[in-house]
Amino acid sequence: MGTVCSILLTSGGHQVTLWGAFEESIERLLQDRENRQLLPGVRIPAGVRLTADDSDCFADADTVVCAIPAQFIRTAWTRLAGHLPPAVPIVSVAKGIENGTLLRPTQVIADVLGRGRRTDAGPVCDWPLAVLSGPNIAAELARYLPATAVAASADPAVAQLVQAAFTTPWLRVYTNPDVIGVELAGAMKNVIAIAAGILDGLGAGVNAKAALLTRGLVEITRLGEALGAQTATFRGLAGLGDLVTTCVSPEGRNRGLGEAIGRGRSLEEALAGRKSIVEGVATTRSVMELARRHGVDMPITRSVHEVLFEGKDVLSALSELMSREAKPERA
């Protein structure tokens, strides 16, 4: 997604620096201008400056975009914090929840930069924070296919800044004040996408997939409301839109992993050889702990957790979901 963001921002006339944590990876990009592992055939614009140098990666920056996988955000920002200019807005495009702390990506950034300062709402820092999320398959954005996204921030001016920076003729960006809802929706849909892939691997059919997406959205909304998110967010692009895209796209990493498991492979076998991180695996652990702490019933998520980490057979998990106590449909 970092590569895609560099394309989007460059097309909007912005000067972009793309930082990487590993010097050898940046050296390969400098030679090829192409991320052959993750986005083969997609060229990084010639005007994008590539660097692995922590000390000058923020030179002349007026906005910073964080495209680091959720479980590695803390390590990267601990490394970079001393080089960050004051008051520069930071935009997260990560989708996950940190294991252990159960913090969302913007909260992890705030926790590092604020050196543990907290309010009742969670970690705080002196940098404006925002999140950009939505139904955005990276490879499609890189091919200039039409898409939409949501820019969320507690500060409307920051959300509008992100909206203006990322809007292109093929990407329409909306604003939203609900940072909690947008981040939680982006994280939790990956768990449901693993379940969707398992159904695909089992050949369970379209009826089952439709039921999964519908009831999965109910679970996502329940936990989001318990954590202070706005219900409407989960019916929008960051919620329903992203959920549908991730659960049906043949390019979706989480759905693809679930499909491999549905076809009989273990989690370790399904992860072996993958070139990119499947965020939903770690997120499943965090979501189950959040559900436990807040007393939220999430039967689909629980079943995914049992299959991934507790050795439950996928057919047994599906059978248990289908044989739960009969009840009226309600959110």
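Residues numbered from 1 in each chain as written. Predicted model: local features only at pLDDT ≥ 70, side-chain atom pairs only at ≥ 80, totals over all residues. Heavy atoms only, no water.

(A) Focus on the overall build of the protein chain. Across its full length, the protein chain carries 14 helices and nine strands. Radius of gyration (C-alpha) of the protein chain: 20 Å, near the 20 Å computed for a compact globule of 331 residues. Dimensions along the principal axes, computed over C-alpha positions, put the protein chain at roughly 60 × 45 × 35 Å. Every one of the 331 residues in the protein chain was classed for burial, and the buried ones make up 52%. Taking all contacts inside the protein chain whose residues are at least 6 apart in sequence as the whole, residues at least 24 apart take part in 68%. For the protein chain, the accessible surface area stands at approximately 15,400 Å², while carbon and sulfur atoms represent 52% of it. Across the protein chain, the mean location of the 33 positive side-chain charges is 3 Å away from that of the 35 negative side-chain charges. (Helix = DSSP H or I, 4+ residues; strand = E, 2+ residues; numbered from the N terminus. Rg over C-alpha atoms; globule rule 2.2 N^0.38 Å. Buried < 20%, exposed > 50% of the residue type's maximum accessible area, 1.4 Å probe, protein only. Contact = heavy atoms within 4.5 Å. Areas by Shrake-Rupley, 256 points an atom, 1.4 Å probe, with all protein chains shown as cover. Lys, Arg positive; Asp, Glu negative; His and termini not counted. Charge placed at Lys NZ, Arg CZ, Asp CG, Glu CD.)

(B) Up close: helix 13 (residues 299-309). Extensive coverage of helix 13 is indicated by the burial of nine of its eleven residues. Of all the residues in helix 13, the buried ones are Pro299, Ile300, Thr301, Ser303, Val304, His305, Glu306, Val307 and Leu308. Considering only its buried residues, helix 13 is in contact with helix 7 (179-202), helix 8 (206-226), helix 10 (253-262), helix 11 (267-271), helix 12 (279-294) and helix 14 (314-322).

(C) Examining the pairing of strand 7 (residues 129-133) more closely. In terms of burial, strand 7 is largely enclosed, as four of its five residues are buried. Looking at chain direction, strand 4 (residues 90-92) and strand 7 are connected through three bridges and run parallel. Counted as the bridge partner of Val91 is Ala130 from strand 7. With three bridges connecting them, strand 7 and strand 8 (residues 147-152) associate as antiparallel partners. If you follow Val131 over to strand 8, its bridge partner there is Ala152. (Pairing = 2+ DSSP bridges.)

(D) Spotlight on the side chain of Asn176. For Asn176, the position within the fold is in strand 9 (residues 171-176). A polar side-chain atom of Asn176 sits 2.7 Å from the main-chain amide nitrogen of Asp178. For Asn176, the residues in contact, after removing those within four places along its chain, are Val150, Ala151, Ala152, Ser153, Val182 and Thr233. (Polar contact = N/O pair within 3.5 Å; in protein donor to acceptor, adjacent residues only side chain to side chain.)

(E) Just the pattern of salt bridges, in detail. Counting across every chain of the model gives 22 salt bridges. Note that Glu34 is salt-bridged to Arg36, the shortest N-O span being 3.8 Å. In this structure, Glu98 and Arg74 form a salt bridge, with 2.9 Å as the shortest nitrogen-oxygen distance. A residue pair is termed long-range when its members are at least 10 positions apart, and Glu98 in the loop between strand 4 and helix 4 (105-113) and Arg74 in helix 3 (residues 73-80) qualify at 24 residues. Overall, Glu98 belongs to the buried group, its relative accessible area being 7%. Using a relative accessible area of 24% as the deciding quantity, one classes Arg74 as partly exposed. Among the charged side chains, a salt-bridge network with shared partners connects Asp200, Lys209, Arg255, Glu259 and Arg263. (Salt bridge = Lys/Arg side-chain N within 4 Å of Asp/Glu carboxyl O.)

(F) How the structure looks around the state of the cysteines. Counted under the stated rule, the structure contains zero disulfides. A disulfide-free cysteine, Cys57 has its sulfur positioned 12 Å from the sulfur of Cys66, the nearest such atom. Between Cys125, a cysteine without a disulfide, and Cys66, which holds the nearest cysteine sulfur, the sulfur-to-sulfur distance is 12 Å. (Disulfide = S-S within 2.5 Å.)

(G) Spotlight on helix 3. For helix 3, every residue scored as buried is listed here: Ile73, Ala76, Trp77 and Leu80. Considered in projection along helix 3, the buried side chains sweep an arc of 90° and stay on one side of the axis. Residues of helix 3 that are exposed and point over 90 degrees away from its buried face: Thr75 and Thr78. Residues of helix 3 that are buried make contact with strand 1 (17-19), strand 3 (64-66), strand 4 and helix 4. (Arc of directions from axis to C-beta.)

(H) Representation of the nonpolar core. Core analysis: the biggest nonpolar cluster contains 41 residues, and Leu257 and Ile261 have the highest contact counts within it. A total of twelve residues in this core trace back to one element, the largest contributor, which is helix 7. Contact partners of Leu257, with chain neighbours within four places excluded, come to Ile194, Leu267, Ala270, Leu271, Arg274, Val278 and Val281. One finds Leu9, Leu18, Val91 and Phe166 within the second-largest nonpolar core, a separate group that totals 31 residues. (Core = buried A, V, L, I, M, F, W, Y, C linked by side-chain atoms within 4.5 Å.)

(I) Fine view of the packing of helix 3 against helix 4. Between helix 3 and helix 4, the shortest axis-to-axis distance is 9 Å and the interhelical angle comes to 35°. Viewed along their axes, helix 3 and helix 4 form a crossing whose handedness is right-handed. The residues of helix 4 that touch helix 3, namely those facing Ile73, Arg74, Trp77 and Thr78, are Pro105, Val108, Ile109, Asp111, Val112 and Leu113. When the residues that make up the contact of helix 3 with helix 4 are grouped by side-chain class, the tally is seven nonpolar, one polar and two charged. (Axes fitted to C-alpha atoms, helices over the stretch in contact; angles between N-to-C directions. Left-handed = near helix turned anticlockwise from the far one by under 90°. Nonpolar A, V, L, I, M, F, W, Y, C, P; charged D, E, K, R; others polar.)

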